[in-house]
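Tertiary structure, described
Okay, here's what each chain looks like letter by letter:
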Amino acid sequence: MQDDKIVELYFARDEQAIAATSAKYNTYHNGKTAFITGSLAQINNHVDNYLQPIPLLINSKKTTQNLGASSFNTAIEKAQKAIKNHSIKKKPKRSPGQKMSEKEKLFYSQKEFNPFMHKVWMMLGNSYFQKGEFMEAAGTYIYMERLYATNPTVLAETRIRLSLCYSQLDWLYEAEELLSRVKRDSVPGTLKHIWATANANLLYKQERYEEAIPHIETMLKQEPKRHENTIFWDNCT
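1. Some words on empty space enclosed by the protein
- A full pass over the atoms with the stated rule returns two cavities of 30 Å³ or more.
- Of the voids in this model, the second largest cavity is the one considered here, and its volume is about 30 Å³.
- As for the second largest cavity, its lining consists of Gln-110, Lys-111, Glu-112, Leu-147, Tyr-148, Thr-150 and Asn-151.
- Looking at the lining of the second largest cavity residue by residue, the class counts come to two nonpolar, three polar and two charged.

2. Remarks on the packing of helix α7 (residues 117–130) against helix α9 (residues 152–168)
- Interhelical geometry of α7 versus α9 gives an angle of 10 degrees and a closest axis separation of 11 Å. The pairing of α7 with α9 is recorded here as roughly parallel in orientation. On the side of α7, the interface is formed by His-118, Met-122, Asn-126 and Phe-129, while α9 contributes Val-154, Glu-157, Thr-158, Arg-161, Leu-164, Cys-165 and Gln-168.
- Counted by class, the contact of α7 with α9 contains five nonpolar, four polar and two charged residues.

3. Brief notes about the packing of helix α8 (residues 134–147) against α9
- Put simply, α8 and α9 touch, their axes get as near as 9 Å, and they point 155 degrees apart. Our classification of the angle between α8 and α9 gives roughly antiparallel. Judged by the twist between their axes, the crossing of α8 over α9 is left-handed. Of the residues in α9, those touching α8 at Phe-134, Ala-137, Ala-138, Tyr-141, Ile-142, Met-144 and Glu-145 are Val-154, Leu-155, Thr-158, Arg-159, Arg-161, Leu-162, Cys-165, Tyr-166 and Gln-168.
- Across the contact of α8 with α9, the residue classes tally to 11 nonpolar, two polar and three charged.

4. Details of the pattern of salt bridges
- In the structure shown here, the tally under the stated rule is six salt bridges.
- Here Arg-161 ties to Glu-157 by a salt bridge, and the two come within 2.8 Å at their closest N and O atoms. Of this pair, Arg-161 and Glu-157 both sit in helix α9, four residues apart, which is roughly one turn of the helix. Each member of the pair, Arg-161 as well as Glu-157, is classed as buried.
- Salt bridges sharing partners connect three or more residues here, namely Glu-176, Arg-208 and Glu-211.

5. Describing α7
- The terminal C-alpha atoms of α7 lie 20 Å apart, and with 14 residues this matches the ideal 20 Å at 1.5 Å per residue to within 8%.
- Here α7 lies mainly inside the structure; 12 of its 14 residues are buried.
- For α7, the elements touching its buried residues are α3 (26–45), α4 (62–65), α5 (69–86), α8 and α9.
- Immediately downstream of α7, the backbone of Gly-132 shows phi near 85 degrees, a positive value.

6. A short note on the confidence of the model for the chain
- On average, residues of the chain score 82 in pLDDT, and 78% of them reach the 70 mark or higher.
- α8 holds the highest mean pLDDT among the elements of the chain, 96, whereas helix α2 (residues 15–24) holds the lowest, 55.
- Predicted confidence for residues 224–237 stays below pLDDT 50, and this span has 44 contacts to residues more than four positions away or in other chains.

What counts and how
Residues numbered from 1 in each chain as written. Predicted model: local features only at pLDDT ≥ 70, side-chain atom pairs only at ≥ 80, totals over all residues. Heavy atoms only, no water. 1 Å grid on protein atoms, 1.4 Å probe; cavity = no way out; pocket = protein on both sides within 12 Å on 5 of 7 lines; lining within 4 Å. Points joined across faces, edges and corners; volume = space filled by probe spheres on them. Nonpolar A, V, L, I, M, F, W, Y, C, P; charged D, E, K, R; others polar. Axes fitted to C-alpha atoms, helices over the stretch in contact; angles between N-to-C directions. Helix = DSSP H or I, 4+ residues; strand = E, 2+ residues; numbered from the N terminus. Parallel < 35°, antiparallel > 145°, perpendicular 65-115°, else oblique. Contact = heavy atoms within 4.5 Å. Left-handed = near helix turned anticlockwise from the far one by under 90°. Salt bridge = Lys/Arg side-chain N within 4 Å of Asp/Glu carboxyl O. Buried < 20%, exposed > 50% of the residue type's maximum accessible area, 1.4 Å probe, protein only. Expected span 1.5 Å × (residues − 1). pLDDT = per-residue confidence, 0-100.

See below:
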């Protein structure tokens, strides 16, 4: 089944489209598995140096960035393959002369019409981030800002993750400015954990430790069973 047909049926909630999507995007799921494998390798093998300030995110440490690198490279490769083969820029057909509702106008103003593709892009950026390639991750998120400008939730998550890249690069002014923009537009409830993580990491790097504490507490409440907060990157699923 062709991609555009899958998308047409997907929006109609067609059973055939669901099955075709599962089969066609197996590339993404393989990438997701590789991503989680790499994340677990970092978590299980990271060692803190208690003679130095302990960073909030374990991938701040060079030796930890190298852990799971081959798995993250696989995730990157799978994401790039899925984007190349399944991105849909062509607008779906509509009846000529039909008056569009505001919702339809918003839909047709999109730049990407594969409803699954934002997950693939997010996995690409997150894989770069997790292996310490912060410039590459930032470049991916900046592109996503343009690609998903009409999707408030994806746009908010993209900007929060971009701010994390800036913090890790010690571009603290840029990180703070970006988080302020997200806050003005309101933060979706589904992003509370990553929002708290980004704010905590920025404040920690600015040595504003007391201000960071409430955000760290939110992180722990949102993910109480996780060994280390870095695993939240599998939220790209």
